[in-house]
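The lines below spell out each chain.
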Amino acid sequence: GGRVRERAGRMAEPPPGIVPAFLSGTTMEVFGLRPEEGVTEETPFKRVGVKKILDDIQFKGVISDFQPFKKQIESYKNGDVPAEELELLVVLDSDMVYDQNFYFCVTEEAAQGVIEQFESAKGGGEAGGGGGGGGGPCQTSAL
């Protein structure tokens with residue numbers, strides 16, 4: 001029976017490459033992820049150095065908020081980017097879609113997907129859901 005695939009109503013199943021995590025105030029401070037400062041409603045994501053995260057895990061051990069995800073973070077790759085320059089996309093989940101206050105992307109595909117999602121939401125303004133064609137006027141913002 002396909003009963004097990006029932007949606008748990010409460011919490012969305014994170015897509016592949018997305019890891020929900022609860023980050024404490026201290027962690028937000030350290031990584032510059034404080035809501036309204038490091039991350040905002042408009043731009044709720046930020047790239048954080050993988051090395052910095054792994055240093056945090058090394059330094060704090062089990063009390064690091066990232067400790068449970070060490071394996072996933074260590075295995076993160078982005079093409080030919082050297083390990084010490086790798087950055088994870090960390091996203092403020094203010095609606096707690098995945099039941100935590102943040103999530104981060106452990107694949108570059110996931111990261112690009114998240115960025116596109118927010119970019120298109122931003123470009124759409126209040127005109128909810130009119131995301132048909134691109135090429136809106138004045139939307140040629142370079143990266």
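For clarity, every value in this text was computed on a predicted model and none was experimentally measured.

### As for the overall build of the protein
Thought 1: For the protein, the helix and strand inventory stands at four helices and four strands.
Thought 2: The buried share among the 143 residues of the protein stands at 31%.
Thought 3: Looking at the protein alone, contacts between residues at least 24 apart form 63% of all its contacts between residues at least 6 apart.

### Concerning the confidence of the model for the protein
Thought 1: For the protein, per-residue confidence averages 84 on the pLDDT scale, and 78% of positions sit at 70 or higher.
Thought 2: Contacts for the low-pLDDT stretch residues 1-8, under 50 throughout, to residues beyond four places or in other chains number one contact.
Thought 3: A low-confidence stretch, residues 127-136 (pLDDT under 50), is modelled with zero contacts involving residues beyond four sequence positions or located in other chains.

### Re the pattern of salt bridges
Thought 1: On inspection of all chains with the given rule, the structure shows six salt bridges.
Thought 2: A salt bridge links Glu29 to Arg34, with the nearest nitrogen and oxygen atoms 2.8 Å apart.
Thought 3: For Arg34, a relative accessible area of 34% gives the class partly exposed.
Thought 4: Asp56 is the partner of Lys60 in a salt bridge, and the nearest nitrogen-oxygen pair spans 3.2 Å. Residue Lys60 and its partner Asp56 are both found in helix 2 (residues 50-60); the two are separated by four residues, about one turn of the helix.
Thought 5: Ionic contacts of the salt-bridge type, sharing partners, join the residues Glu29, Arg34 and Glu37 into one network.

### What to know about the sheet that holds strand 2 (residues 45-49)
Thought 1: What the four strands build is an open sheet, ordered 1-4-3-2; its pairing is antiparallel. The outermost strands of the open sheet, each flanked by one partner alone, are strand 1 (18-21) and strand 2. Strand after strand, the sheet turns through a mean of 30 degrees between neighbouring axes, direction not considered.
Thought 2: Summarising the sheet, strand 3 (residues 87-92) and strand 4 (residues 102-105) pair through four bridges and their orientation is antiparallel. Note that in strand 4 the partner of Val91 across the bridge is Tyr103.
Thought 3: Together, strand 2 and strand 3 form the strand contacts of helix 2, whose direction differs from that of strand 2 by roughly 70 degrees.

Scoring rules and cut-offs
- Residues numbered from 1 in each chain as written.
- Predicted model: local features only at pLDDT ≥ 70, side-chain atom pairs only at ≥ 80, totals over all residues.
- Heavy atoms only, no water.
- Helix = DSSP H or I, 4+ residues; strand = E, 2+ residues; numbered from the N terminus.
- Buried < 20%, exposed > 50% of the residue type's maximum accessible area, 1.4 Å probe, protein only.
- Contact = heavy atoms within 4.5 Å.
- pLDDT = per-residue confidence, 0-100.
- Salt bridge = Lys/Arg side-chain N within 4 Å of Asp/Glu carboxyl O.
- Pairing = 2+ DSSP bridges.
- Axes fitted to C-alpha atoms, helices over the stretch in contact; angles between N-to-C directions.

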